Amino acid sequence: MDNPCLRCGACCAHYRVSFYWTEADPFLGGSVPPELTVPLNHTRAAMRGTLHTPVRCVALDGEVGGTVSCTIYPHRSSPCRELEPWEEDGRPNERCNRARAAHGLPPLDPRTDKPLGPGHTPLPLSA
Ligand code: SF4
Ligand code: SF4
């Protein structure tokens, strides 16, 4: 089955992407480029562009619903890695379909083949 994320990006332009601030501190093992983040509070940071509407993560390249990519894919944050289009049993992820609906994209169908498993989504999202 094709990966729908490569022609979507809706979650990257719908949800706030926030994470524990050390994920953006290279001296503490963080991988997210700190210049692409903003402080959220004393423990959390967020991807630039995701705190205010219209939401659009600064790292998203392309047009939502067209060809998209994450410009920091290998360095993306934990919430980006955790959002999957489908649940383990093949049901579409509700959060994914909610973001897609907000951008006028159709919901994903349940998948019948074997899911790729965690960490294989090109454009996962956040919290
Ligand atoms: S996880 Fe869902 S909303 Fe996010 S890019 Fe993939 S298909 Fe789109
Ligand atoms: S996957 Fe990439 S483009 Fe999408 S929210 Fe995360 S950092 Fe931004």
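Basis of the calculations
- Residues numbered from 1 in each chain as written.
- Chains lettered and ligands numbered in written order.
- Predicted model: local features only at pLDDT ≥ 70, side-chain atom pairs only at ≥ 80, totals over all residues.
- Helix = DSSP H or I, 4+ residues; strand = E, 2+ residues; numbered from the N terminus.
- Buried ≥ 20, exposed ≤ 12 C-beta atoms within 10 Å, placed from the backbone.
- Contact = placed C-beta atoms within 7 Å.
- Pairing = 2+ DSSP bridges.
- Axes fitted to C-alpha atoms, helices over the stretch in contact; angles between N-to-C directions.
- Core = buried A, V, L, I, M, F, W, Y, C linked by C-beta atoms within 7 Å.

Would you explain the overall build of the chain in this entry?
Broken down by element type, the chain carries two helices and five strands. For the chain, the N- to C-terminal ordering of α and β elements is β-β-β-β-β-α-α. Counting every position in the chain, which comprises 127 residues, the buried fraction comes to 34%. Nonlocal contacts in the chain, meaning residues at least 24 apart in sequence, comprise 62% of its contacts between residues at least 6 apart.

When you look at the sheet that holds strand S1 (residues 18-20) in this model, what are you seeing that I'm missing?
Two pairing modes exist for strands in a sheet, parallel and antiparallel, and in both the strands are linked by backbone hydrogen bonds. Spatial strand order, S1-S3-S2: three strands in an open sheet with antiparallel pairing. Strands with a single pairing partner mark the edges of an open sheet, and in this sheet they are S1 and strand S2 (37-39). Shown here is a sheet whose adjacent strand axes are inclined to one another by a mean of 35°, direction ignored.

Explain the nonpolar core here, please?
Nonpolar side chains in soluble globular proteins tend to end up buried together. Core analysis: the biggest nonpolar cluster contains 25 residues, and Ala10, Cys11, Ala13, Val17, Cys57 and Leu60 have the highest contact counts within it. When contributions to this core are tallied by element, the ones reaching two or more residues are strand S3 (44-47), strand S5 (68-70) and helix H2 (94-102). Among the elements that make up this core, the one with the highest residue count is S3 (three residues).

Explanation requested: the pairing of S3 in the structure shown.
Taken residue by residue, a regular strand's side chains alternate between the two faces of the sheet. For S1 and S3, the ladder comprises three bridges, and the chain directions are antiparallel. Looking across to S3, one finds that Phe19 is bridged to Ala45. Bridge count for S2 against S3 is three bridges, and the pairing is antiparallel. Looking at S3, one finds that Thr37 is bridged to Met47. Taking the residues that link successive antiparallel strands as the turn, the S2-S3 hairpin has four residues.

Remember, this is a structural readout, not a statement about activity or role.
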